[in-house]
Amino acid sequence: MKFLTTNFLKCPVKTCDTSNDNFPLQYNGEKCQLIQDESIEFNPEFLLNILDRIDWAAIIIVARDLGNKSLPPTKPSFSPELSDDDLIVLRDLHTLLLQTSIVDGEMKCKNCGHIYFIKNSIPNLLLPPHLA
Amino acid sequence: MSASQIGKKQYLVYLAQVHINFRRAELESLADICGLNDLDFSNYKEDSPFFIVELDNDTQAKEWIKRSILSRAIYEYWGEGKDLTELHQSIKFGTNIEHYKDLYKNDSFKFEFESYRGSNKKVNRISQIETFSYLAFKGKINMKSPDQVYTLIEVFEPVSDNEPSTTPSHMYFGRRVQISDRSSADVFDLKKRPYKGTTSFEAELSLISANIAQVKPGSIMYDPFAGTGSFLCAGGHYGALVIGSDIDGRMIRGKGAQHDISSNFKYYGDTDKFLDVMTMDFTHNSLRNSLGIDTILCDPPYGIRESIKVLGAKDPERFVGKENVEIDGQKAYLLRDYIPTKKPISLDLLLDSLLQFASERLPINGRLAFWMPTANDENIETLVPLHKNLELKYNCVQSFNKWSRRLLVYINRGKDYNGPTNSGLQRSTADFRERYFKNFN
């Protein structure tokens, strides 16, 4: 499961929708095993489009869960004509968002406390009957 | 005379004579993506692969046809006739011919030949090309990378079903502007795909579906019934970031690192387009509400291989208090290997929730496209699900012997649309699965 996906996933329990704590999920840094796949192509224009969809505050929180405290407090912005510096930042974002993934680990809803597992890079968001 | 002075020009679209029920929908949807809103379809005929249309310029023609699967190519139209003599007359008296001759006179070029429903084996192509000498091209002939390609399309009328004609009955001539994306149907052919399954959707119609659904570069596409990821591959090919989910983890897991959905994206060179697939019940969705989903494209389960299921207990009484069960001091439902129970749901209800989800998540004018099967022998009209915020734009039928399936395409028009709805009604007369196995009798 790619780091970017953590920015899209909330707790699926319906009653948690009324809470502000169902997103992002809380990642257990000790149990999450990360890998980097450098074969994933870098496509700056494509990444720029995707950045529009990102909730930056949640990126910072999850990065911290996973031991990365070096992210800037606000979402990086870019000039229309990408400068060399812009490209360096975009490449770093590419490495974090698309090349880094959680192969195995746990994530928890901060509202209901339910735990979801990631196995073989695939998150499992199924619910037991009392939460469904 | 500059191009802007000649106004609109005629173009010839050479279409594939297959999947006719999807062809115009694809042409219209792609035209809409590139802002061609006033395209005149009055020359379009279902029984003909030739469609002459007016456009402003080559850029429009290229943008329109470059990702089409049901077109072969688009040409700047120079003329047509029942034989070479008539063709040459048509070219010589064409409105723009002097302009075209002047514009391309110094470009390198080559001639190519296409034929429809037959082939002209005996003809000497060199002497045929020489009959075009009045065009007075001064550029070099370049077979590998010419500036311009001129195409002669010969049309044959077969003598009978099994006797092809060897003399063309009609011909078109034009300058090639853009080849379509039709060759991708072959590139994405399931035979060559590293990971596939019994439910994988055929390549050609997956790509056509993505075109009619208007999957756009840099957008987000979601398939809530991803299975082996056929539509994800098609969406990634057209440049969207694709997300898939499925309640059945077995399909999306695949069979090891070389045989899973992500290995297909490696194979097609689209690794950056694939986000993730997740094990999830689409009716208990985990995609955050604020995430914009531009397109939803899917083939929902129709319960042919197994019944349709969502999360929850079929018999709730049996599960009363089960949340308190502990194993080795830990809640059982919080264990890593816990498998939640599932309950059956009717197809009508599942599709109702799909339409509802689309109405909540798609942007205005965003599209939901999905496949739905029906039996052919029912004498009653198939009831297609409708939602008050969604306009049913296309209902494209693919017929088989005893059943058919249709691609339903909806556009989100928002709260003020107030279209007809049949949500909550039982629309299907009988269980499709049961009838499928009883051979529809």
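To start, this report covers the structure provided alongside it. Just so you know, these numbers come straight off a predicted model, no measurement behind them.

### A few points about the overall build of chain B
Thinking step 1. Of the regular secondary structure elements, chain B holds 12 helices and 17 strands.
Thinking step 2. If one aligns the C-alpha atoms of chain B with their principal axes, the spans along those axes are about 90 × 45 × 45 Å.
Thinking step 3. The proportion of buried residues among the 441 residues of chain B is 53%.
Thinking step 4. Long-range contacts, defined here as pairs at least 24 residues apart, represent 76% of the contacts in chain B between residues at least 6 apart.
Thinking step 5. Taking the 57 positively charged and 58 negatively charged side chains of chain B as two groups, their mean positions are separated by 3 Å.

### Structural notes on the pattern of salt bridges
All names here are of chain B.
Thinking step 1. What the rule picks out here adds up to 26 salt bridges over all chains.
Thinking step 2. A salt bridge links Glu 76 to Arg 175; the nearest nitrogen and oxygen atoms lie 2.9 Å apart. Here the residue Glu 76 occupies a position in strand S3 (residues 71-81), and Arg 175 occupies one in strand S6 (residues 170-179), the gap between them amounting to 99 residues. Of the two residues examined, Glu 76 and Arg 175, each falls in the buried class.

### With respect to the sheet that holds strand S1 (residues 9-15) of chain B
Residues and elements named next belong to chain B.
Thinking step 1. On the basis of which strands lie adjacent, the open sheet formed by six strands has the order S2-S1-S3-S6-S5-S4 and mixed pairing. This sheet does not close on itself; its edge strands, each paired only once, are strand S2 (50-55) and strand S4 (109-116). The average undirected angle you get between the axes of adjacent strands in this sheet is 40°.
Thinking step 2. Along the sheet, helix H4 (residues 97-104) contacts S1, S3, strand S5 (148-155) and S6; its crossing angle with S3, the most-contacted strand, is approximately 120°.

### Describing the interface of chain B and chain A
Thinking step 1. At the junction of the two partners, chain B supplies 49 residues and chain A supplies 43 residues.
Thinking step 2. Of the roughly 3700 Å² buried where chain B meets chain A, counting both sides, 59% is carbon and sulfur surface.
Thinking step 3. For Arg336(B), the salt bridge goes to Asp104(A), with nearest N and O atoms at 2.9 Å.
Thinking step 4. Where the side of chain B that touches chain A is concerned, the elements lending two or more residues are strand S8 (241-246), helix H9 (249-253) and strand S9 (274-279) of chain B.

### So, the packing of aromatic side chains
One pair of aromatic rings is described through two measures. These are the centre distance and the angle between the planes.
Residue and element names in this part refer to chain B.
Thinking step 1. With the rule as written, the count across this model stands at 32 aromatic pairs over all chains.
Thinking step 2. Taking 6.1 Å as the distance between ring centres and 85° as the angle between the ring planes, the aromatic pair formed by Phe 50 and Tyr 116 counts as edge-to-face. Residue Phe 50 is located in strand S2, and its partner Tyr 116 is located in strand S4; the two are separated by 66 residues in the primary sequence.
Thinking step 3. Owing to a relative accessible area of 8%, Phe 50 belongs among the buried residues under this scheme.
Thinking step 4. Overall, Tyr 116 belongs to the buried group, its relative accessible area being 18%.
Thinking step 5. Ring centres of Trp 78 and Phe 137 lie 6.3 Å apart, and the angle between their planes is 55°; on these two criteria the pair is classed as tilted. On the criterion of sequence distance, the pair formed by Trp 78 in strand S3 and Phe 137 in the loop between helix H5 (125-130) and S5 is long-range, its members being 59 residues apart. Phe 137 matches Trp 78 in its accessibility class, with the two residues each being buried.

### Some details on the packing of helix H1 (residues 20-33) of chain B against helix H7 (residues 203-212) of chain B
All names here are of chain B.
Thinking step 1. Where H1 meets H7, the closest approach of the two axes is 8 Å, and the angle between their N-to-C directions is 45°. The orientation of H1 with respect to H7, classified from their angle, is oblique. Of the two possible hands of crossing, H1 and H7 adopt the one that is left-handed. Of H7, the residues touching H1 (which contributes Phe 22, Ala 25, Glu 26, Ser 29 and Leu 30) are Leu 205, Ile 208, Asn 211 and Ile 212.
Thinking step 2. Split into classes, the residues belonging to the contact of H1 with H7 amount to six nonpolar, two polar and one charged.

### Re unusual backbone geometry
Thinking step 1. In this structure, the amide linkage connecting Phe23(A) to the following residue, Pro24(A), adopts the cis form with an omega of -10°.
Thinking step 2. Among the secondary structure elements, Pro24(A) is positioned in the loop between helix H1 (3-6) and strand S1 (26-27).
Thinking step 3. Positive phi, close to 60°, is recorded for Arg117(B), a residue that is not glycine.
Thinking step 4. Here Arg117(B) lies in the loop between S4 and H5.
Thinking step 5. The class of Arg117(B) is partly exposed, set by a relative accessible area of 46%.
Thinking step 6. Backbone geometry places Asp328(B), a non-glycine residue, at a positive phi of 50°.
Thinking step 7. Along the polypeptide, Asp328(B) turns up in the loop between strand S12 (326-327) and strand S13 (330-331).
Thinking step 8. For Asp328(B), a relative accessible area of 80% translates into the label exposed.

Cut-off values and rules
- Residues numbered from 1 in each chain as written.
- Chains lettered and ligands numbered in written order.
- Predicted model: local features only at pLDDT ≥ 70, side-chain atom pairs only at ≥ 80, totals over all residues.
- Heavy atoms only, no water.
- Helix = DSSP H or I, 4+ residues; strand = E, 2+ residues; numbered from the N terminus.
- Buried < 20%, exposed > 50% of the residue type's maximum accessible area, 1.4 Å probe, protein only.
- Contact = heavy atoms within 4.5 Å.
- Lys, Arg positive; Asp, Glu negative; His and termini not counted.
- Charge placed at Lys NZ, Arg CZ, Asp CG, Glu CD.
- Salt bridge = Lys/Arg side-chain N within 4 Å of Asp/Glu carboxyl O.
- Pairing = 2+ DSSP bridges.
- Axes fitted to C-alpha atoms, helices over the stretch in contact; angles between N-to-C directions.
- Buried area = accessible area lost by both parts, 1.4 Å probe.
- Phe/Tyr/Trp six-rings, centres within 6.5 Å; stacked < 30°, edge-to-face > 60°.
- Parallel < 35°, antiparallel > 145°, perpendicular 65-115°, else oblique.
- Left-handed = near helix turned anticlockwise from the far one by under 90°.
- Nonpolar A, V, L, I, M, F, W, Y, C, P; charged D, E, K, R; others polar.

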